[in-house]
Amino acid sequence: MATVISNERLANGVYHLRVEGDYGGKMGQFYMLRAWGAYPLLSRPLSIHQVNDDGVEFLYHVVGEGTEIFAELSPGDKVQLEGPFGNGFPEVEGKIALIGGGIGIAPLYYCARQLPDSDVYLGFSREAFRTEAFRPLAAELTVDVGGLILDSVDFNSYDHIFVCGPQPMLKAAQRKGAAAGAGGRRPNVYLSLENRMACGIGACLVCSVSCLDGQRKACADGPVFLAEEVVFHD
Ligand SMILES: Cc1cc2nc3c(=O)[nH]c(=O)nc-3n(C[C@H](O)[C@H](O)[C@H](O)COP(=O)(O)OP(=O)(O)OC[C@H]3O[C@@H](n4cnc5c(N)ncnc54)[C@H](O)[C@@H]3O)c2cc1C
Ligand code: FES
């Protein structure tokens, strides 16, 4: 069991959880967390927001009964962490854009720490949060509230683009990635999918993702996929 260091409310329904312990992980990987006994049955997946010498951090949005329990955590409380799981974002070089929508900014902070001098684009529908933490890490930081953050990104300007956010945003990023390259660079666009999960380790097929080469598992084969490999269904 890990011990909660802090669990700070950043915005309406958005919390920053810091947990003590020897926890590693790569950018884009996730942990399965629980802060309860037998019920709810399933642990909940949360992306690594940051790894420190003394612990690991998460950023989460309260959407249901599991995250409601997380929101009640106080310093000293215990949580169970399993992981890190998933493939994560690749370690790349070149000109990089990190694009996050809403709580999808969670894994991108660790990316910004690992890939300094990336351009960072953060979009929110109503209220921005955690943006100032990105500022010293980013070559350029663009924040949008209420609009479409992808409209601010010139896909032709980058070698690699990492995206995490709601599915319509991921689909739009896939389209923009496919259209890019005519007059400039063709970026590699990587999407972090947040499909619903159960086991988190590839055993149950709940997190199935349609890809050009067939069905894959978000938890074990992802959650990061090359955009051009993913087939979205409405
Ligand atoms: C690999 C991965 C990484 C994730 N990282 C983060 C993160 O860093 N921060 C964060 O806040 N959330 C993250 N999520 C989503 C998070 O796991 C869910 O929001 C959480 O499990 C919901 O649990 P709950 O018990 O609060 O809600 P539930 O009671 O299980 O569900 C409440 C509502 O939320 C919807 N919901 C539940 N899970 C998801 C999901 N995965 N995607 C979309 N809608 C969902 C349900 O359909 C339902 O409408 C991640 C998911 C995955 C798969
Ligand atoms: S969550 Fe069980 S296979 Fe992915």
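Conventions and cut-offs
Residues numbered from 1 in each chain as written. Chains lettered and ligands numbered in written order. Predicted model: local features only at pLDDT ≥ 70, side-chain atom pairs only at ≥ 80, totals over all residues. Heavy atoms only, no water. UniProt positions renumbered as here; feature names shortened; annotations may be inferred. Buried < 20%, exposed > 50% of the residue type's maximum accessible area, 1.4 Å probe, protein only. Helix = DSSP H or I, 4+ residues; strand = E, 2+ residues; numbered from the N terminus. Pairing = 2+ DSSP bridges. Axes fitted to C-alpha atoms, helices over the stretch in contact; angles between N-to-C directions. Contact = heavy atoms within 4.5 Å. Near = heavy atom within 4 Å. Polar contact = N/O pair within 3.5 Å; in protein donor to acceptor, adjacent residues only side chain to side chain. 1 Å grid on protein atoms, 1.4 Å probe; cavity = no way out; pocket = protein on both sides within 12 Å on 5 of 7 lines; lining within 4 Å. Sits in = over half its atoms within 2 Å of the grid points. Nonpolar A, V, L, I, M, F, W, Y, C, P; charged D, E, K, R; others polar. Domains from an automatic or database assignment. Core = buried A, V, L, I, M, F, W, Y, C linked by side-chain atoms within 4.5 Å.

The protein goes by Dihydroorotate dehydrogenase electron transfer subunit in an unreviewed UniProt entry, where it is assigned to Paenibacillus typhae. Within the UniProt record for the protein, the comment given under Sequence similarities (unreviewed entry) is "Belongs to the PyrK family."

Another aspect to go through is the pairing of strand E2 (residues 14-20). When you tally the buried positions in E2, you get five out of seven residues, the bulk of the element. Sheet topology note: the strand E1 (residues 2-11)/E2 ladder contains seven bridges and is antiparallel. Bridging from a neighbouring strand, glutamate 8 pairs with histidine 16 of E2. Hairpin geometry of E1 and E2 is characterised by an intervening segment of two residues between the two adjacent antiparallel strands and by a positive phi of about 75° at glycine 13. Across seven bridges, E2 lies against strand E6 (residues 55-61) in antiparallel orientation. Residue pairing in the sheet places histidine 16 in a bridge with leucine 59 of E6.

Let us now look at the pairing of strand E13 (residues 208-211). Across four bridges, the pairing between E13 and strand E14 (residues 214-217) is antiparallel. What sits directly across from cysteine 211, in E14, is glycine 214. With antiparallel pairing between neighbouring strands as the criterion, E13 and E14 make up a hairpin whose turn holds two residues.

This next bit is on the sheet that holds strand E3 (residues 30-34). With antiparallel pairing, the seven strands of this open sheet are ordered in space as E4-E3-E7-E1-E2-E6-E5. Of all the strands in the sheet, just strand E4 (44-47) and strand E5 (50-52) have a single pairing partner and so form its edges. Across the sheet, the mean angle separating the axes of adjacent strands is 35° when strand polarity is ignored. The strands that helix H2 (residues 106-114) touches are E4, E5 and E6; relative to E5, the one it contacts most, it runs at about 55°.

Our focus in this paragraph is the site of ligand 1. For ligand 1, the set of nearby residues contains 20 residues, the closest of which are Arg44, Pro45, Gly66, Thr67 and Arg196. Here an oxygen atom of ligand 1 and a backbone polar atom of proline 45 are 2.6 Å apart. Within the side chain of serine 47, a nitrogen or oxygen atom sits 3.0 Å from a nitrogen atom of ligand 1. When atoms are counted within 2 Å of each cavity's grid points, the one that captures over half of ligand 1 is the second largest pocket. The element contributing the most residues to the shell around ligand 1 is E4, with four residues. Residue classes in the shell around ligand 1 are distributed as 10 nonpolar, six polar and four charged. Counting residues domain by domain, the shell around ligand 1 receives three or more from each of domain 1 (2-85) and domain 2 (96-229).

A few words now on the nonpolar core. Of all hydrophobic cores here, the largest spans 48 residues; its most connected members are Val19, Val56, Phe58, Leu81, Phe134 and Phe162. A per-element tally of this core places H2 first, with six residues. Structurally, this core is a two-domain feature, drawing no fewer than three residues from each of domain 1 (2-85) and domain 2 (96-229). Of all hydrophobic cores here, the second largest spans 31 residues; its members include Phe30, Val153, Met197 and Cys207.

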